[in-house]
Amino acid sequence: MKVVHSKSNLRAARALLPANTGFVPTMGALHAGHMALVEAAHAASDAVIVSIFVNPTQFGNPEDLAKYPDTLEADLAILKAAGVDLVFCPTAAQMYPDGADTIVETPKLAGMLMGALRPGHFRGVATVVTKLFNLVQPARAWFGQKDYQQVLVIQQMVRDLELPVEIVAHPTVREPDGLAMSSRNLRLGADDRAASVVLSQALGAAQTMASQGATPRQIVDAICAQISTEPRATLQSVDLRDATDLSELPDAPLTAPAVLLLAADFGPVLLIDNAVLTP
Ligand code: PAF
């Protein structure tokens with residue numbers, strides 16, 4: 001496995017790999033969710049490139065950026081064992097040299113839900129992912145569906161900018177008790193970790209209600225009540241939206257897939273989860 005830190009070394013190493021190269025962009029702190037993306041990329045590609053870059057422009061709060069775990073040596077060992085061909089670990093100065101000014105923005109999607117809570121976040125994601133696609137030139141790139149809105153932002157920008165890459169959304173990988181895998185889970189204390197299962201349980205209950213013909217209002221109210229029974233959870237948001245563009249739904253039984261998006265704090269850790277509900 002080759003590890004490169006500069007854009008010029010990346011371009012040189014990329015040129016030696018086949019056209020059908022798959023790409024998994026990450027911010028490191030790798031867990032089984034990332035490795036499922038790498039495995040899926042392997043199965044569909046002739047070579048796999050992974051990037052590890054904690055992108056400063058998607059963090060609104062410098063403290064969150066500073067707190068982001070740095071586990072580079074362990075990450076590289078896991079990627080090597082998984083048979084990855086090339087890892088790109090640039091510095092912030094490589095990705096954003098002095099004078100860099102261009103941004104990529106999907107204002108409609110980026111201005112709602114998590115984007116409204118974290119202004120500028122999806123602009124940072126769209127900009128860095130565009131740059132990474134231009135550098136890596138993958139045939140396909142894999143993203144986890146746990147970050148549902150992020151996947152839609154990336155699909156939108158790929159469509160709008162005619163980027164020659166296929167986006168593959170991979171189902172959320174879960175712990176045996178249902179908690180969605182995330183690098184944030186490591187920061188949960190034991191009690192909060194135990195309490196966090198309420199999120200995946202709520203998603204299951206919501207699917208049952210959707211199948212029984214409940215309306216969006218009824219589903220959202222019931223899920224808020226269910227999560228509020230867990231004293232360690234501080235609910236931030238519960239939204240049920242159209243699964244394709246996150247638009248608001250009429251208050252009538254579902255006739256098409258809808259996505260239920262949850263965000264709740266457990267102690268100092270904000271967890272998000274989602275599920276696509278079918279009528
Ligand atoms: O999902 C992530 O880890 C990041 O948002 C991404 C896509 C690597 C961009 O920095």
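Whatever comes next refers back to the structure up there.
Because the structure is predicted, anything quoted here is derived from the model rather than measured.

Q: Please set out the sheet that holds strand β9 (residues 269-277) residue by residue, giving values where relevant.
A: Read from one edge of the open sheet, three strands run β7-β8-β9, paired in antiparallel fashion. Pairing within the sheet leaves two strands with one partner each, and these edge strands are β7 (233-242) and β9. Each neighbouring strand pair of the sheet contributes to a mean axis angle of 15°, computed without reference to strand direction. By the bridge criterion, nine bridges tie strand β8 (residues 258-266) to β9 in an arrangement that is antiparallel. Note that in β9 the partner of Phe 266 across the bridge is Val 269. Against the sheet, helix α11 (residues 197-211) engages β8 and β9, with an angle of about 20° to β9.

Q: Explain the environment of Gly 83 to me, and be specific about the residues and the numbers.
A: With respect to the helices, strands and loops of the structure, Gly 83 is situated in the loop between α4 (72-81) and β4 (86-88). Along the backbone, Gly 83 and Leu 132 are 49 residues apart, and their C-alpha atoms lie at a distance of 21 Å.

Q: So, the site of the ligand: which residues are in play, and what are the values?
A: Neighbouring residues of the ligand: Pro 25, Thr 26, Met 27, Asn 55, Gln 58, Val 125, Val 128, Val 129, Phe 143 and Gln 150. Note that an oxygen atom of the ligand is positioned 2.6 Å from one of the side-chain N or O atoms of Gln 58. Within the side chain of Gln 150, an N or O atom sits 2.8 Å from an oxygen atom of the ligand. Its free accessible area being 290 Å², the ligand has 89% of it covered by the protein chains. Those elements giving two or more residues to the shell around the ligand turn out to be β2 (21-26) and α8 (121-136). Counting residues per element, the shell around the ligand draws most heavily on α8, which supplies three residues. Here the shell around the ligand is built from residues that sort into six nonpolar, four polar and no charged.

Q: Before we move on, could you go through empty space enclosed by the protein and cite the residues and values that matter?
A: A complete count under the given rule lists one cavity of 30 Å³ or more for this structure. The space that makes up the largest cavity amounts to roughly 40 Å³. If you trace the largest cavity, you find it lined by Lys 146, Leu 179, Ala 180, Ser 182, Asn 185, Leu 199, Leu 271, Ile 272 and Asp 273. Per-element accounting of the lining of the largest cavity gives the leading share, three residues, to β9. Grouping the constituent residues of the lining of the largest cavity by class yields five nonpolar, two polar and two charged.

Q: Can you break down the environment of Ala 210 residue by residue, with the values?
A: Positionally, Ala 210 belongs in helix α11. Along the backbone, Ala 210 and Pro 279 are 69 residues apart, and their C-alpha atoms lie at a distance of 5.4 Å.

Q: Requested: an account of the sheet that holds strand β6 (residues 166-170), with residues and values cited.
A: Each strand in a sheet pairs with another by means of backbone hydrogen bonds, the pair being arranged parallel or else antiparallel. Strand order in the open sheet formed by six strands is β1-β4-β3-β2-β5-β6, and the pairing between neighbours is parallel. Each edge of the sheet is formed by a strand with only one pairing partner; in this case those strands are β1 (2-4) and β6. Shown here is a sheet whose adjacent strand axes are inclined to one another by a mean of 25°, direction ignored. Sheet topology note: the β2/strand β5 (residues 140-144) ladder contains two bridges and is parallel. When the sheet's bridge partners are listed, Phe 23 is paired in β5 with Ala 141.

Q: Tell me about helix α9 (residues 148-160), residues and numbers included.
A: The terminal C-alpha atoms of α9, which comprises 13 residues, lie 19 Å apart, in line with the 18 Å expected from a rise of 1.5 Å per residue. Burial in α9 covers these residues: Tyr 148, Gln 149, Gln 150, Val 151, Leu 152, Val 153, Ile 154, Met 157 and Val 158.

Q: Now, about the pattern of salt bridges: what can you tell me, with residues and values included?
A: Counting across every chain of the model gives nine salt bridges. For Asp 192, the salt bridge is made with Arg 232, and the minimal N-O distance between the two is 2.7 Å. Highlighted residues: Asp 192 in helix α10 (residues 190-195) and Arg 232 in the loop between α12 (216-228) and β7, separated in sequence by 40 residues. In this structure, Asp 221 engages Arg 217 in a salt bridge whose closest nitrogen and oxygen atoms are separated by 3.0 Å. Here Asp 221 and its partner Arg 217 are both found in helix α12, four residues apart, which amounts to about one turn of the helix. Under the relative-accessibility criterion, Asp 221 is labelled partly exposed at 41%.

Procedures and definitions
- Residues numbered from 1 in each chain as written.
- Predicted model: local features only at pLDDT ≥ 70, side-chain atom pairs only at ≥ 80, totals over all residues.
- Heavy atoms only, no water.
- Pairing = 2+ DSSP bridges.
- Helix = DSSP H or I, 4+ residues; strand = E, 2+ residues; numbered from the N terminus.
- Axes fitted to C-alpha atoms, helices over the stretch in contact; angles between N-to-C directions.
- Contact = heavy atoms within 4.5 Å.
- Near = heavy atom within 4 Å.
- Polar contact = N/O pair within 3.5 Å; in protein donor to acceptor, adjacent residues only side chain to side chain.
- Areas by Shrake-Rupley, 256 points an atom, 1.4 Å probe, with all protein chains shown as cover.
- Nonpolar A, V, L, I, M, F, W, Y, C, P; charged D, E, K, R; others polar.
- 1 Å grid on protein atoms, 1.4 Å probe; cavity = no way out; pocket = protein on both sides within 12 Å on 5 of 7 lines; lining within 4 Å.
- Points joined across faces, edges and corners; volume = space filled by probe spheres on them.
- Expected span 1.5 Å × (residues − 1).
- Buried < 20%, exposed > 50% of the residue type's maximum accessible area, 1.4 Å probe, protein only.
- Salt bridge = Lys/Arg side-chain N within 4 Å of Asp/Glu carboxyl O.

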